[in-house]
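# Summary of structural features
Each chain, letter by letter, is given below.
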Amino acid sequence: RQAETLRVIQAFWRATGEPPSQRYLARRLNVDLKVIQERLHALYRRGWLVSPSPAGCRCLHEQAG
């Protein structure tokens with residue numbers, strides 16, 4: 001599920017050049033906002049995301065596939 005979240009973040013970043021909001025991610029993945037916050041926290045802890053601003057996140061690594 002974290003990988004799916006990461007793929008959506010990467011696709012949004014590539015398409016817009018901006019980070020997606022947590023609300024966008026929740027809607028896109030059809031989950032509660034709390035679930036997105038937990039997934040993002042795990043991705044930050046693992047070093048897959050950095051937060052350039054309070055508005056959103058950016059992927060540090062490109063995921064294959």
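In the block above lies the structure referred to throughout.
Here is a short report on the structure shown in this document. Just so we're clear, the structure is a prediction, and the values are computed from it rather than from any experiment. (Residues numbered from 1 in each chain as written. Predicted model: local features only at pLDDT ≥ 70, side-chain atom pairs only at ≥ 80, totals over all residues. Heavy atoms only, no water.)

Per the secondary structure count, the chain includes three helices and two strands. Helices (α) and strands (β) of the chain occur, in sequence order from the N terminus, as α-α-α-β-β. For the chain, buried positions account for 29% of its 65 residues. Relative to all contacts within the chain whose residues are 6 or more apart in sequence, the contacts with residues 24 or more apart total 43%. In the structure as shown, the chain presents an accessible area of about 4400 Å², 48% of it carried by carbon and sulfur atoms. (Helix = DSSP H or I, 4+ residues; strand = E, 2+ residues; numbered from the N terminus. Buried < 20%, exposed > 50% of the residue type's maximum accessible area, 1.4 Å probe, protein only. Contact = heavy atoms within 4.5 Å. Areas by Shrake-Rupley, 256 points an atom, 1.4 Å probe, with all protein chains shown as cover.)

Right, let's talk about the packing of helix 1 (residues 2-16) against helix 2 (residues 22-29) for a bit. Two numbers describe how helix 1 lies on helix 2: the axes approach to 11 Å, and their chain directions differ by 120 degrees. As the angle between them shows, helix 1 and helix 2 are arranged oblique. When the axes of helix 1 and helix 2 are compared, the crossing they make is right-handed. When helix 1 is examined against helix 2, the residues Glu4, Thr5, Val8, Ile9 and Phe12 are found in contact with a partner set consisting of Tyr24, Leu25, Arg28 and Leu29. (Axes fitted to C-alpha atoms, helices over the stretch in contact; angles between N-to-C directions. Parallel < 35°, antiparallel > 145°, perpendicular 65-115°, else oblique. Left-handed = near helix turned anticlockwise from the far one by under 90°.)

In this section: the nonpolar core. Counting ten residues, the largest nonpolar core consists of Leu6, Val8, Ile9, Leu25, Ala26, Leu29, Ile36, Leu40, Leu43 and Leu49. Elements supplying a minimum of two residues to this core: helix 1, helix 2 and helix 3 (33-45). (Core = buried A, V, L, I, M, F, W, Y, C linked by side-chain atoms within 4.5 Å.)

Looking now at helix 3. The end-to-end C-alpha distance of helix 3 is 18 Å, a good match for the 18 Å that 13 residues give at a rise of 1.5 Å each. Residues of helix 3 that are buried: Ile36, Arg39, Leu40, Ala42 and Leu43. On an axial view of helix 3, the arc spanned by its buried residues comes to 160 degrees, and they lie on one face. Sitting at the head of helix 3, Asp32 places a side-chain oxygen 3.0 Å from the backbone nitrogen of Lys34. (Expected span 1.5 Å × (residues − 1). Arc of directions from axis to C-beta. Polar contact = N/O pair within 3.5 Å; in protein donor to acceptor, adjacent residues only side chain to side chain.)

This next bit is on the packing of helix 1 against helix 3. Running from N to C, helix 1 and helix 3 cross one another at 85 degrees; their axes reach a closest spacing of 10 Å. In terms of axis orientation, helix 1 runs roughly perpendicular to helix 3. Each of Gln2, Glu4, Thr5, Leu6 and Ile9 in helix 1 lies in contact with helix 3, whose residues at this interface are Arg39, Leu40, Ala42 and Leu43. Class assignment of the residues belonging to the contact of helix 1 with helix 3 gives a composition of five nonpolar, two polar and two charged. (Nonpolar A, V, L, I, M, F, W, Y, C, P; charged D, E, K, R; others polar.)

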